[in-house]
Structure formats: structure tokens, C-alpha cells
Protein chains: 2
Amino acid sequence: MKYDQSDLKSLGLKATAPRLRILALFQKAALTEKRHLTADEVFSQLREEGEDVGLATVYRVLTQFEVAGLLRRHHFDTESASYELGEPEHHDHLVCLQCGKIEEFVDVDIERRQQEIASRFGFTLDHHTLCLYGICKECREKNAAK
Amino acid sequence: MKYDQSDLKSLGLKATAPRLRILALFQKAALTEKRHLTADEVFSQLREEGEDVGLATVYRVLTQFEVAGLLRRHHFDTESASYELGEPEHHDHLVCLQCGKIEEFVDVDIERRQQEIASRFGFTLDHHTLCLYGICKECREKNAAK
DNA sequence: TTCTTTGCAAAGCTTTTGCATCTCG
DNA sequence: CGAGATGCAAAAGCTTTGCAAAGAA
């Protein structure tokens, strides 16, 4: 899936340089290991590219994109929020506590159980956050080598 | 389970007034619907009790208690962290988006699946956070009545 | 006494907001 | 041209830290 100017326009957002740059950043990131970016990471990367954007604009654009459904926001255990390109399919996360690597997964069993639990408590489920924290294989091997 | 002065001492923490007050607050809260308190809520409640503590002390004590395993910290979707009396048994949460009510649950199936998923990705699982968000029955009825 | 703890004030971070200026359409 | 977007600076939370005074053991 590739987003461009027309997608912004159809969302009622003008196709400005900051917005296009930020969208491009996330599309590039989606192809790498590091799909998740914080506001400050976006800001820094834009600055490195020589782009003259303000941090406030980054925050505003990220929020707009999230509302528009283009990006998804996460909090994980950290202080600052991170965003990833919002694909239609929901997924949960597995984070390495040592290197920060993030894997994504979906498990239909867990999804189903969640629905059952919500019903049992009389809740209508809106959404959920599930994040597993551990140490990845590479980090374990690195640790063992020392 | 009831904590007191001796528990603080065995943790290497002196039994001071602020610490005992805060511990008592959480023990009282554990008996109610509202087991989860933010630093500011703790601070306000202490102030209401006429206790002259500083907010910084509240933060320091909460952190010490968390490290000691007396309290457990959560972030949920909000900006500020909340704490609850840390029972030995792990549990996950179900939060009402409208009234803020928090239910707790444990599901062995989900726990097991999480282990399996972590293994599949080569991770050694350390911990996880699972939080379901929805609307509780009471709120739905309240909404329907309007 | 001695080491810990506290309260206050100040500082740190992340995020938001006010406002004059600029720009897309 | 005109509504919307931007950058900067200031402000607004939440949380941490420095430090002198107070307190526990």
C-alpha cells in the first residue's frame, strides 16, 4: 500500500511539504526492521534530511494522521508514544527489552478469548493492547558470548 | 495480606510517616472498586487527610515500593502512571472507556498462547501487558436511557 | 551521631497551544 | 484571495533531581 498527495487530499488535509515528508518517512520505515517512530525520531530524521520543520508540526501531523487512520499510535512501556504506518489488519507486539527490536503478531485464539472475557464481564470490547516483553535470540546469544 | 512497619524495615526502608500513610492508602483502596491510584491521587488524598507530604516524596515512595514489589505500576492508555497493591498473582485488566472502571482477570489460555508466541519468535518472555478497553454494562444502560 | 528521608523549588521531558506568517488550492 | 498549515516560543502536564533541614535507628 502506497500513500501519496491524493490520499492526503481525500482526507481533507492539504498536501504540504511536512506532511508528505512525514508520510514518506513512515513508508520507508515500514520496509525496515524499525517500523515504529517517536515524534522526536521523526523530527530528527527530517532535520537530518535538511528539512526545516518544527517539532510542534510533527506532533500535529502525527495526531492528524492517527485520527485519519493512516498511522497507529502505541505506548509500550516507554514514556513517549510511537507511531507506525497503520495497516488495516490489527496486530500485537513483542518487544526485546535489550535491543528494542519489535516483532508483530496476530493470534486468533487470543483475540477470541479476549472477546469471551469482555462478554463475561459485561463489557462491549472496543480495542485492546497486548505487548509481550522479553529478550530476543540475538541478544541472548550476544550475552552468552561475553 | 496486610503490610506494616516491619515490612518496610525488611525492605531496607525506614518506617516513616509518608511511607506508612501511602501504604495504608493502597491497602484501603484494595478493598474498594478503585484499587488503582495515580501519584497525584495519592498526593491529593494525603493532603485531604491533613498530611503534609510533598508530591516529590509521593513519587519517590511509589518508585521505591514498585522496586520492592509492594506496588505494581501500570500505564494503560492515559498519560499518567497508576499503581496498585502488588499481589503475587499476575493479572490483566479490562477498562471501561466511559467511567474508568477497572476489572481484573487472568486467563490461562491467553497466558499459554503468549508463551508459545514468544517461543516461536525466539524470545524469552519476561512479562507482558494486556489491557482490554470497552464500555461496561452500566455505562451502556446509562447511555440507552438517554 | 550517622545515614536516610523529606519538602521545596527548580529543572527535565514530552506534548500542546497561541499567534503571526506563510502557503495550498 | 482565504482557509488552513507552519514555525517559533511559551506553556502545560507529569516526573525527577538538588539541596538544606528534619528524622529514624
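In what follows, the accompanying structure is described. (Residues numbered from 1 in each chain as written. Chains lettered and ligands numbered in written order. Predicted model: local features only at pLDDT ≥ 70, side-chain atom pairs only at ≥ 80, totals over all residues. Heavy atoms only, no water.)

What to know about the protein's contact with DNA strand C
The full set close to DNA strand C counts 21 residues, and A:Tyr59, B:Arg19, B:Asp52, B:Thr57 and B:Arg60 are the nearest of them. In DNA strand C, the atoms that sit within 4 Å of the protein are 67% sugar and phosphate, with bases accounting for the remainder. Within the contact set of DNA strand C, a base oxygen lies 3.3 Å away from a side-chain nitrogen or oxygen of A:Arg60. For DNA strand C, a phosphate oxygen lies 3.0 Å from a polar atom in the backbone of A:Ala81. Going through the elements one at a time, α4 (55-68) of chain A together with α2 (17-29) and α4 (55-68) of chain B are the ones with two or more residues in the surface near DNA strand C. (Near = heavy atom within 4 Å. Polar contact = N/O pair within 3.5 Å; in protein donor to acceptor, adjacent residues only side chain to side chain. Helix = DSSP H or I, 4+ residues; strand = E, 2+ residues; numbered from the N terminus.)

Some remarks on helix α2 (residues 17-29) of chain A
Spacing of three or four residues puts side chains on the same side of an α-helix, whose turn is 3.6 residues. All names here are of chain A. When the terminal C-alpha atoms of α2 are compared, their 18 Å separation across 13 residues agrees well with the 18 Å that a helix rising 1.5 Å per residue should span. For α2, every residue scored as buried is listed here: Arg 19, Ile 22, Leu 23, Leu 25, Phe 26, Gln 27 and Ala 29. The inward-facing, buried residues of α2 abut α1 (5-10), β1 (37-38), α3 (39-48), α4, β2 (71-74) and β3 (82-85). (Expected span 1.5 Å × (residues − 1). Buried < 20%, exposed > 50% of the residue type's maximum accessible area, 1.4 Å probe, protein only. Contact = heavy atoms within 4.5 Å.)

Section: the interface of chain A and chain B
When the parts come together, some accessible area is lost, and that loss is often what is quoted as the size of the interface. Taken together, the 35 residues of chain A in the interface contact 36 residues of chain B. The contact between chain A and chain B buries some 3,100 Å² in all, and 64% of this surface belongs to carbon and sulfur atoms. One salt bridge connects B:Arg113 with A:Asp109, and the closest N-O pair in it is separated by 3.5 Å. Run the count over chain A and chain B and you get 18 residue pairs in polar contact (both at pLDDT 80 or more). Listed by contribution, the elements that provide at least two residues to the side of chain A that touches chain B are β4 (92-96), β5 (102-105), α5 (108-120), β6 (124-135) and α6 (137-145) of chain A. The biggest single contributor to the side of chain A that touches chain B is β6(A), with 12 residues. Class assignment for the residues of the side of chain A that touches chain B results in 17 nonpolar, seven polar and 11 charged. As judged from the 11 bridges shared by β6(A) and strand β6 (residues 124-135) of chain B, these two strands associate in the antiparallel manner. Of the residues in β6(B), the one forming a bridge with A:Gly134 is B:Leu125. (Buried area = accessible area lost by both parts, 1.4 Å probe. Salt bridge = Lys/Arg side-chain N within 4 Å of Asp/Glu carboxyl O. Nonpolar A, V, L, I, M, F, W, Y, C, P; charged D, E, K, R; others polar. Pairing = 2+ DSSP bridges.)

A short note on the side chain of A:Thr38
One can find A:Thr38 in strand β1. When neighbours within four sequence positions are excluded, A:Thr38 is seen to be in contact with A:Ser80, A:Ala81 and A:Ser82.

Let's talk about the relation of the copies chain A and chain B
Of the transformation placing chain A onto chain B, the axial shift is 0.0 Å and the rotation is 180°, giving an RMSD of 0.1 Å. On this basis, the relationship between the two copies can be described by a two-fold rotation axis. Among all residues of chain A, the one whose C-alpha sits closest to the rotation axis is A:Leu130, at a distance of 2.2 Å. Of the interface residues in chain A, 100% have counterparts in chain B that sit at the interface too, so the contact is made through matching surfaces. (Least-squares fit on C-alpha atoms with pLDDT ≥ 70 in both.)

Considering the sheet that holds strand β4 (residues 92-96) of chain B
The strand order across the open sheet built from six strands is β5(A)-β4(A)-β6(A)-β6(B)-β4(B)-β5(B), with neighbouring strands paired in mixed fashion. Lying at the two open borders of the sheet, with one neighbouring strand each, are β5 of chain A together with β5 (102-105) of chain B. Along the sheet, successive strands turn relative to each other by an average axial angle of 20°, direction set aside. Where β4(B) meets β6(B), four bridges bridge the pair, whose relative direction is parallel. Paired with B:His93 across the strands is B:Cys131, a residue of β6(B). (Axes fitted to C-alpha atoms, helices over the stretch in contact; angles between N-to-C directions.)

Details of the side chain of A:His74
Residue and element names in this part refer to chain A. Looking at the secondary structure, you find His 74 in strand β2. Separated by 2.7 Å, the side chains of His 74 and Glu 84 make a polar contact. Sequence-distant contacts of His 74, that is, excluding residues within four places in its chain, are made with His 36, Ala 81, Ser 82, Glu 84 and His 93.

Section: the protein's contact with DNA strand D
Around DNA strand D sit 21 residues, and of these A:Arg19, A:Asp52, A:Thr57, A:Arg60 and B:Tyr59 come closest. A breakdown of the atoms of DNA strand D within 4 Å of the protein gives sugar and phosphate a share of 69%. In the model, a phosphate oxygen of DNA strand D is placed 2.6 Å from a nitrogen or oxygen of the A:Asp52 main chain. For the surface near DNA strand D, the secondary-structure elements that each account for two or more residues are α2 and α4 of chain A together with α4 of chain B. Residues of the surface near DNA strand D, tallied by class, amount to nine nonpolar, four polar and eight charged.

Quick word on unusual backbone geometry
All names here are of chain A. Unusually for a residue other than glycine, Phe 76 sits at a positive phi of about 45°. Relative to the elements of secondary structure, Phe 76 occurs in the loop between β2 and β3. By relative accessible area, Phe 76 is classed as buried at 18%.

Observations concerning the packing of α2(B) against α4(B)
All names here are of chain B. Two elements in contact, α2 and α4, have axes separated by 10 Å at closest approach and are oriented at 65°. Between α2 and α4, the angle falls in the class roughly perpendicular. As α2 packs across α4, the resulting crossing turns out to be right-handed. Across the interface between the two elements, Pro 18, Arg 19, Ile 22, Leu 23 and Phe 26 of α2 pack against Thr 57, Val 58, Val 61, Leu 62, Gln 64 and Phe 65 of α4. Looking at the contact of α2 with α4 residue by residue, the classes come out as eight nonpolar, two polar and one charged. (Parallel < 35°, antiparallel > 145°, perpendicular 65-115°, else oblique. Left-handed = near helix turned anticlockwise from the far one by under 90°.)

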